[in-house]
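Listed below, chain by chain, are the residues.
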Amino acid sequence: MSILYLAHTDDNGSLPKAALEALTAAQKLAADLGRPLKIGLLGADVQQAAQSIGGCNAEAFFSVSGEAFGPSRYSTDAAACAALCSAAEAGIVIAPATLRLARCLPGTAYRLGGRIDTNITALDAADGQPLPTRWYYRQRMSGQVQRDTQSFSGPWILTLAPGCAAPAECPGQAAPQAVDVPLDGLTRTTVTGVKQPNVDAQTIRPDADLLLVAGAGWTKKQNDGQAHVKEAGELLLDFLGKTKSSLGSSKSLVDLGSEGQDVLDFLTHLHQVGQTGSTPRHPKGLATCCHGEEPHVVGWRFINERRAVNLDAGCGWAHGKADVLYVADAFDVMKKVNELLGK
Ligand SMILES: Cc1cc2nc3c(=O)[nH]c(=O)nc-3n(C[C@H](O)[C@H](O)[C@H](O)COP(=O)(O)OP(=O)(O)OC[C@H]3O[C@@H](n4cnc5c(N)ncnc54)[C@H](O)[C@@H]3O)c2cc1C
């Protein structure tokens, strides 16, 4: 049974970074298990993507391409992935955990009588089988998954979370064998376009070096007895624009919006970091006007170097939760930092 590496092209016809990372994992697994590696590519035109990994030592290349397979659409994607798995006679499938494949691969596994484990973070081999690692219970526990592959007939599909392997670099010649997928009834859903915020409006940036966290203090009354929410927003956006950092928030700050208070309108619940929010990964983090309470700081467990700015020398960050605490007014600090960044 072969190992199939499955990926889709991006809008430019190339492979996303997460896809190149998954290829590294697939190559290693194929070597560890001594099984042949095959490639399955999906997209409007996969030629450029195939050439970018043509030297990956795969036994065969398959593709499903054409205009109908350009946009992300469940019906066409699930059918294409199933056809690629069948053409490659795949026993194991390794794919990047991109939004597009996360949406269609569970359905593909079901159709083929296979199984899927999503968002794995490492991939070892033991006893002739893959031994993937993944998080459970909102990243509080990690575990390794074993499956009795004899107990089901389809492939075991594994999607690799971004950032868990080095991207493969193996350009070369490749002429994928086209796999036919009849479109009958698959294109009833029309993809009319993609709506997304422009780059500067998009403030959650998983690949950024720094996470800037805004807390509720930004909206509280300051020394002069007044709140300065507009100025707070300008300072934060100025910093984000200059550094291209990612933006996070405390729960209190994002909750204020639903309570009808004057808030920073670029913050949503998606920005919330913590126990009931997200657990982002960045090399550095800077918390501003945020108290550093445990339900919030638990979301910082993958932030390596932590600093905080707070008026209160006894705030949560001072209790071993930050490497450096600046006891200072965040309005003054961020104004000065932005000035220095502008030079
Ligand atoms: C079950 C449960 C789950 C929770 N999950 C989460 C979660 O996922 N994420 C989360 O964030 N919270 C969570 N919380 C809430 C959490 O306990 C805190 O209430 C919240 O994080 C506090 O937010 P904050 O620090 O922004 O606000 P506050 O506690 O109001 O702190 C504001 C801070 O700003 C400082 N400040 C004010 N003005 C300035 C200034 N000019 N310069 C510098 N500092 C200033 C103040 O000194 C203060 O420390 C959860 C709570 C529970 C019970």
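Scoring rules and cut-offs
Residues numbered from 1 in each chain as written. Predicted model: local features only at pLDDT ≥ 70, side-chain atom pairs only at ≥ 80, totals over all residues. Helix = DSSP H or I, 4+ residues; strand = E, 2+ residues; numbered from the N terminus. Domains from an automatic or database assignment. Near = placed C-beta within 6 Å. Nonpolar A, V, L, I, M, F, W, Y, C, P; charged D, E, K, R; others polar. Expected span 1.5 Å × (residues − 1). Bend = angle between axes of the 7 residues up to and from the residue. Buried ≥ 20, exposed ≤ 12 C-beta atoms within 10 Å, placed from the backbone. Contact = placed C-beta atoms within 7 Å. Pairing = 2+ DSSP bridges. Axes fitted to C-alpha atoms, helices over the stretch in contact; angles between N-to-C directions. Parallel < 35°, antiparallel > 145°, perpendicular 65-115°, else oblique. Left-handed = near helix turned anticlockwise from the far one by under 90°. Core = buried A, V, L, I, M, F, W, Y, C linked by C-beta atoms within 7 Å.

Looking only at helices and strands, the protein features eight helices and 15 strands. Summarising its shape, the C-alpha atoms of the protein cover approximately 70 × 45 × 40 Å along the three principal directions.

Quick look at the domain arrangement of the protein now. What the domain assignment reports for the protein is domain 1 (2–178) and domain 2 (210–342). In this structure, domain 1 and domain 2 have C-alpha centres spaced 38 Å apart.

Near the ligand, the surroundings consist of 30 residues, among which Gly215, Gly217, Ser250, Lys251 and Gly274 are the closest. Counting residues per element, the ones that place at least two in the shell around the ligand are helix 6 (251–258), helix 7 (294–297), strand 14 (303–310) and helix 8 (330–342). In terms of residue count, the dominant contributor to the shell around the ligand is helix 6 (three residues). Residue composition of the shell around the ligand, grouped by class: 11 nonpolar, 14 polar and five charged.

When the terminal C-alpha atoms of helix 4 (residues 99–112) are compared, their 21 Å separation across 14 residues agrees well with the 20 Å that a helix rising 1.5 Å per residue should span. Leucine 105 marks the point of greatest bend in helix 4, at about 30°, and the proline proline 106 comes within the next four residues. Among all positions of helix 4, only Arg100, Leu101, Cys104, Leu105, Thr108 and Ala109 are buried. In this structure, the buried side of helix 4 is in contact with strand 1 (2–8), helix 3 (74–87), strand 4 (90–96), strand 5 (115–120) and strand 9 (156–160). Directly after helix 4, the chain includes glycine 113, whose backbone phi takes a positive value near 75°.

Now for the sheet that holds strand 3 (residues 60–65). With respect to topology, seven strands assemble into an open sheet ordered 5-9-4-1-2-3-10, the strand pairing being parallel. At either end of the open sheet lies a strand with only one pairing partner, and these are strand 5 and strand 10 (177–178). Where strand 5 meets strand 9, four bridges bridge the pair, whose relative direction is parallel. Pairing of aspartate 117 across the sheet is with leucine 158, part of strand 9.

Contact pair helix 3 / helix 4: the axes reach a minimum separation of 8 Å and the direction vectors enclose 55°. Classified by the angle their axes make, helix 3 and helix 4 are oblique. Crossing geometry of helix 3 relative to helix 4 is assigned as right-handed. In this structure, helix 3 uses Tyr74, Asp77, Ala78, Cys81, Ala82 and Cys85 to contact helix 4, whose residues at the interface are Arg100, Arg103, Cys104, Leu105, Gly107, Thr108, Arg111 and Leu112. Looking at the contact of helix 3 with helix 4, its residues break down into eight nonpolar, two polar and four charged.

Right, let's talk about the sheet that holds strand 6 (residues 122–126) for a bit. Pairing in this open sheet of three strands is antiparallel, and the strands run 6-7-8 from one edge to the other. Each end of this open sheet is capped by a strand with a single partner; those strands are strand 6 and strand 8 (141–144). Shown here is a sheet whose adjacent strand axes are inclined to one another by a mean of 25°, direction ignored. In the sheet, strand 6 pairs with strand 7 (residues 129–136) via five bridges, with the strands oriented antiparallel. Bridge pairing in strand 7 links leucine 123 to proline 132. Against the sheet, helix 1 (residues 17–33) makes contact with strand 6 and strand 7, and its axis sits at roughly 10° relative to strand 6, the strand it touches most.

The subject of this paragraph is the packing of helix 5 (residues 229–243) against helix 8. It is the contact of helix 5 with helix 8, at a shortest axis distance of 10 Å, that shows an interaxial angle of 35°. The crossing of helix 5 and helix 8 is left-handed. Contacts between helix 5 and helix 8 involve Glu231, Leu235, Asp238, Phe239, Lys242 and Thr243 on the former and, on the latter, Phe331, Met334, Lys335, Val337, Asn338, Leu341 and Gly342. Class assignment of the residues belonging to the contact of helix 5 with helix 8 gives a composition of six nonpolar, three polar and four charged.

Moving on, we get to the nonpolar core. One finds Tyr5, Ala22, Ala26, Cys81, Leu84, Val93 and Ile94 to be the most contacted residues of the largest nonpolar core, which totals 57 residues. Here this core takes nine residues from helix 1, the largest share from any one element. Ranked by size, the runner-up nonpolar core spans 32 residues in total, among them Val213, Leu236, Leu247 and Val309.

What follows deals with the environment of proline 206. Relative to the helices and strands, proline 206 is located in the loop between strand 10 and strand 11 (210–214). By the C-beta count within 10 Å, which is 12 here, proline 206 ends up exposed. Linking proline 206 and alanine 178, residues 28 residues apart in sequence, is a C-alpha distance of 35 Å. Excluding its chain neighbours within four sequence positions, the residues that come into contact with proline 206 are Ser246 and Pro280.

Mapped onto the elements, asparagine 57 comes out in the loop between helix 2 (47–52) and strand 3. A residue is classified by how many C-beta atoms lie within 10 Å of it, and asparagine 57, with 12 of them, is exposed. With 115 residues separating them in the primary sequence, asparagine 57 and glycine 172 have C-alpha atoms 9.7 Å apart.

Here we take up helix 1. For helix 1, built from 17 residues, the straight-helix expectation of 24 Å at 1.5 Å per residue is met to within 8% by its first-to-last C-alpha distance of 25 Å. Counting buried residues along helix 1, 12 of its 17 residues qualify, which places the element largely inside the surrounding structure. Its buried side turned inward, helix 1 meets strand 1, strand 2 (37–43), strand 4, strand 6, strand 7 and strand 9. Immediately beyond the C-terminal end of helix 1, within one or two residues, lies glycine 34, with a positive phi of roughly 65°.

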